[in-house]
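# Structure assessment
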Amino acid sequence: MVTSIAPPASSAEIRYAQCWEDADVLLEALRVPRDGTCLSIASGGDNSFSLLTTGARRVVAIDLNPAQLACVELRRAAYRELEHPEFIEFMGSESSCRAEGYYRRCRPLLPRDAREFWDRKPQLIRAGVGSSGKFEKLFTLFRKQLLPFVHPRKRVDQLLEPRDRDARERFFDKQWNTKLWKLLFRAYCSRRILGRGRYPGAFRYVDGAVSERILKRVRHAVVELEPWKNPYLRWILTGRHDGALPHALRKENFDRIRENLDALEVVPGALEQYLSNGTPGEINAFNLSDIFEYVSSGDHERILEMCLEKAAPGARLAYWNMLVPRSRPESLGDALHSREAEARRLFAQDKAFFYSAFVVEEVTGS
């Protein structure tokens, strides 16, 4: 099915090896009822697995790109086969020379398509699964070839040291946020460069400079939040998580995910197609990632209408705006309630600092 939110990506190309969206924020926003049904954009898979910790009866992970679904299947096999320290190494969160051995153990659990996909990419396995996407490779280039000209590794380590809020602000303003840093950041976070990690045309609906908006959020992540606990910032700057793990990779969530793996359903195809064939009233929570970044305001409204047709009363929708402002249109005001204050509070805690807004909406009705 042709869809307005379909990126023109090769089926053999991983765009995102990780979910660059904060599951801690997502789970609090969605308030998934135990035994509920969730619809989740698959991407790298992490946040769909995080939804399993809620005790959901069914989590549907959907994506148009077969490569993204291969990422989900590999994670599912790893959750089943590996122990937590092995899983962390396999994902690339910590340095390891055992990734190929871990893959050989997981391989028999993969469906044929996913097995054939990963068999053709041993170099991605060796490097760590979490670094295998185009988006992550942009960060590798930034970290290895550009950042050292601005900030030596010692200063990077200092940025990630625990300190109070005032000390963080002083460090950022006096030692990190230099003219050279801002020049590099503006150049690297341009439409042209970031578009390589997402897809050509990703900024079709964006007005104004891309880099300036993200630069403000970087300051928030470093000053207002605690950077040493931030898995997204740590990965970008060091290429590892080294203990600052995202929700789906933390030890306390590992067994809960493993125990509920049978609730995960992987679905290839377009979101609109799935919604057009689904059962009315069956979905309690929608993780819509940042899909509305890529569509017109008219398509945004149309997709929300399709979600409403399949949503249970009280169901919640959560999605991120990066650079394109999208939220419930007034035409849907009677059916969909904006949880704006709650969304602002959660956004202030959001460790994934690329986004300009977090949107939470709730289906009206009893």
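From a predicted model like this one, the values you see are computed outputs, not experimental measurements.

## Overview of the sheet that holds strand β3 (residues 264-268)
Strand order in the open sheet formed by seven strands is β3-β2-β1-β4-β5-β7-β6, with mixed pairing between adjacent strands. Each of the sheet's edge strands pairs with one partner strand only, and the pair in question is β3 and β6 (336-338). Across this sheet, the average inter-strand angle for adjacent strands is 20°, counted without regard to direction. Sheet strands in contact with helix α1 (residues 23-30) are β4 (283-287), β5 (311-321) and β7 (357-363), and its direction is about 155° off that of β5. Helix α18 (residues 340-347) contacts β5, β6 and β7 of the sheet and is inclined by roughly 145° relative to β7.

## Examining the packing of aromatic side chains
Where two aromatic rings form a pair, the distance of their centres and the angle of their planes describe that pair. Under the counting rule described, the total for this entry stands at 22 aromatic pairs. Ring geometry for Phe49 versus Tyr79: centroids 5.0 Å apart, planes at 40°, classification tilted. Here the residue Phe49 occupies a position in helix α2 (residues 46-52), and Tyr79 occupies one in helix α3 (residues 66-81), the gap between them amounting to 30 residues. When the ring of Phe139 is compared with that of Phe354, the centres are 6.0 Å apart and the planes differ by 15°; the resulting orientation is stacked. With a gap of 215 residues between them, Phe139 in helix α8 (residues 134-146) and Phe354 in the loop between α18 and β7 connect regions that are remote in the sequence. In this pair, the class of Phe139 matches that of Phe354, namely buried.

## Some details on the pattern of salt bridges
According to the stated counting rule, one finds 36 salt bridges in the structure shown. In this structure, the salt-bridge partner of Glu86 is Arg105, at a minimum N-O distance of 3.0 Å. Of the two residues, Glu86 sits in helix α4 (residues 84-91) while Arg105 sits in helix α5 (residues 99-106), which places them 19 residues apart along the sequence. Connected through shared salt-bridge partners, Arg165, Asp166, Glu169, Asp173, Arg219 and Glu224 make up one network.

What counts and how
Residues numbered from 1 in each chain as written. Predicted model: local features only at pLDDT ≥ 70, side-chain atom pairs only at ≥ 80, totals over all residues. Heavy atoms only, no water. Pairing = 2+ DSSP bridges. Helix = DSSP H or I, 4+ residues; strand = E, 2+ residues; numbered from the N terminus. Axes fitted to C-alpha atoms, helices over the stretch in contact; angles between N-to-C directions. Contact = heavy atoms within 4.5 Å. Phe/Tyr/Trp six-rings, centres within 6.5 Å; stacked < 30°, edge-to-face > 60°. Buried < 20%, exposed > 50% of the residue type's maximum accessible area, 1.4 Å probe, protein only. Salt bridge = Lys/Arg side-chain N within 4 Å of Asp/Glu carboxyl O.

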